[in-house]
Amino acid sequence: MRLKDIQYFIALTEEKSFTRAAEKYHVSQPTISYAIKHLENDLKAQLIIRDQSHKRMALTQNGKIFYKHAKSALSELGKAQEEISSINGTVIHAGIPNTIASYYTAAIIPALEKAGISGNVALTEGSSHDLLNALGNGDIELAAIFSLEPVTAPYLKSETIRQIPFEITVSPQHPLACRNSVRFEELANEKFILLSPKSIHYKAFRLISRKTGTYPSILYQNKNISIVNSMVENNAGIGFLADIDPLKDRGRLHHLKPENTSVPPLLLSIVQSRQKQLSTIHTLFTDIFKEIIKGSLPAAG
């Protein structure tokens, strides 16, 4: 059964004239007649009653049934074509925090490729602070955002997909590597290696310092989590990070749970602009990202 034959049948049904149906598609009247015969042969049923001149027609009961379903099928096909065209012509700009980009980009890109939308997504990396600004400026349409509280703004829509606990990280050679937990007050004389002052991690570190009245020295800060982890691994200092590494640093670091702290967990949210209409690509990207993150990151206990 050919699509063109169905289109010719619908035109003939609606125009009620072989002549007008042929003119609509710029074909000859015999082309319309052959299309109807093809359909009747495929369906093994008569669809129309022709007059002797072939200039006018009427539908049989079978023809009426076929017209109803063929019309609906063509409408759905048209919607599918529009959606596919929309996908092929759409490029969305999405943001991802530096701290998880190094861990998850290798999983996200192949997943986008498998879904057939890798060419429709432009990824931007940055701090959560910078990504929120980019959302507000309209430079990106959606982003994964780290925060200590739910993201609220009248121009943004936010969905928290994970709550991630903070941990103390130390080198396997550090004296604390034999323990599973530690009070923050015990770390007063330690030297910390932290993410940059713009990071949510640093904000959480300052919060736990104030709440415990403990202010350890900060030896070094960098926005690159790999550099921070490498320095901690070399026992240059200790770290304070959310448990965002799905591979647990491949055994390079030892993780301790902070005891008796009221610091909230790190929230990971998908934040989208309310001012832009979201396409199928946005939905696909969001679903892929959530599936990867939810399958990898631990929830806060």
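Counting from 1, residues in each chain are numbered in the order their sequence is written. Thresholds applied to this predicted model are a pLDDT of at least 70 for local features of residues and 80 or more for the giving and counting of side-chain atom pairs; totals over whole chains, interfaces and linings are not thresholded and use all residues. Calculated side-chain values reflect all of the structure's heavy atoms, with hydrogen atoms and water omitted.

Enquirer: Now, about the overall build of the protein: what can you tell me, with residues and values included?
Expert: When helices and strands are counted, the protein shows nine helices and 13 strands. Relative accessible area decides the class of each residue, using a 1.4 Å probe on protein chains only: under 20% of the type maximum gives buried, over 50% gives exposed, and in between gives partly exposed. Residue burial in the protein is summarised as follows: out of 301 residues, 44% are buried. Working rule for contacts: check all heavy atoms of both residues, and any pair within 4.5 Å makes them a contact. The long-range fraction of contacts in the protein, counting pairs at least 24 apart against all pairs at least 6 apart in sequence, stands at 76%. Values of accessible area rely on a 1.4 Å probe in the Shrake-Rupley scheme; residue burial ignores everything except the protein chains shown. Total accessible area computed for the protein in this model is approximately 15,700 Å², and 50% of it derives from carbon and sulfur atoms. Secondary structure is summarised from DSSP: a helix means a run of H or I of at least four residues, a strand means a run of E of at least two, and numbering begins at the N terminus for each.

Enquirer: Describe helix H2 (residues 18-25), listing the residues and the values that go with them.
Expert: Since one α-helical turn is 3.6 residues long, residues separated by three or four positions face the same way. Phe 18, Ala 21 and Ala 22 are the residues of H2 that are buried. Each buried residue of H2 sits inside an arc of 100 degrees when the element is viewed along its axis, so together they form one side. Counted as a polar contact is a pair of N or O atoms within 3.5 Å, where, for protein atoms, one must be capable of donating a hydrogen and the other of accepting one, and residues adjacent in sequence contribute only when both atoms are in side chains. The N-cap of H2, judged by a side-chain oxygen 3.2 Å from the amide nitrogen of Thr 19 a few residues on, is Ser 17. Immediately downstream of H2, the backbone of His 26 shows phi near 55 degrees, a positive value. This arc corresponds to the set of directions leading from the helix axis out to the C-beta atoms.

Enquirer: I'd like a rundown of a positive patch on the surface, residues and numbers included.
Expert: Like charges are joined within 9 Å and nonpolar side chains (Val, Leu, Ile, Met, Phe, Trp, Tyr) within 5 Å, but only among residues with over 30% relative accessible area and no salt bridge; these make up the patches. A carboxyl oxygen of Asp or Glu within 4 Å of a side-chain nitrogen of Lys or Arg is what we treat as a salt bridge. Neither His nor the chain ends contribute to the count of charged residues, in which Lys and Arg are positive and Asp and Glu negative. By convention, the charge on Lys lies at NZ, on Arg at CZ, on Asp at CG and on Glu at CD. Positive charge collects at one region of the surface, where Lys 203, Arg 206, Arg 210 and Lys 211 lie side by side. Secondary-structure assignment places Lys 203 in helix H7 (residues 200-212).

Enquirer: Explain the confidence of the model for the protein residue by residue, including any values.
Expert: Low pLDDT means the predicted coordinates in that region are not meant to be read closely. Values of pLDDT, the confidence the predictor places in each residue, fall between 0 and 100. Summarising the model, the protein shows a mean pLDDT of 85, and 90% of its residues fall at 70 or more. Element-level mean pLDDT values for the protein span from 77 in helix H4 (residues 61-88) up to 97 in strand S9 (residues 191-194). The low-confidence segment residues 297-301, where pLDDT is below 50, has 18 contacts with residues more than four positions distant or belonging to other chains.

Enquirer: Please give an account of the nonpolar core that cites residues and values.
Expert: Ranked by internal contacts, the top residues of the largest apolar core, which has 55 residues, are Ile 100, Ile 168, Phe 192, Phe 240 and Phe 289. Ignoring sequence-local partners within four residues, the contact set of Phe 240 consists of Phe 166, Glu 167, Ile 168, Thr 169, Phe 192, Ile 193, Leu 194, His 201, Ala 204, Phe 205 and Ile 208. Of all hydrophobic cores here, the second largest spans 18 residues; its members include Tyr 8, Ala 21, Ala 22 and Leu 39. To define a nonpolar core, start from buried Ala, Val, Leu, Ile, Met, Phe, Trp, Tyr and Cys residues and group those joined through side-chain atoms within 4.5 Å.

Enquirer: For the sheet that holds strand S5 (residues 142-147), give the residues involved together with the corresponding values.
Expert: Strand order in the open sheet formed by five strands is S4-S3-S5-S13-S6, with mixed pairing between adjacent strands. For this open sheet the edge positions go to strand S4 (121-126) and strand S6 (156-164), each flanked by a neighbour on one side alone. Going from strand to strand, the sheet's axes swing by 25 degrees on average, the running direction of each strand aside. Where strand S3 (residues 92-97) lies against S4, six bridges are found, and the strand directions are parallel. Bridged to Ile 92 within S4 is Val 121. With axes taken as lines fitted to C-alpha atoms, and helix axes fitted only over the stretch in contact, angles between N-to-C directions fall between 0 and 180 degrees. Its contacts with the sheet put helix H5 (residues 98-114) on S3, S4, S5 and strand S13 (266-273), and the angle it makes with S3 is roughly 140 degrees. If DSSP finds at least two bridges between two strands, the strands pair.

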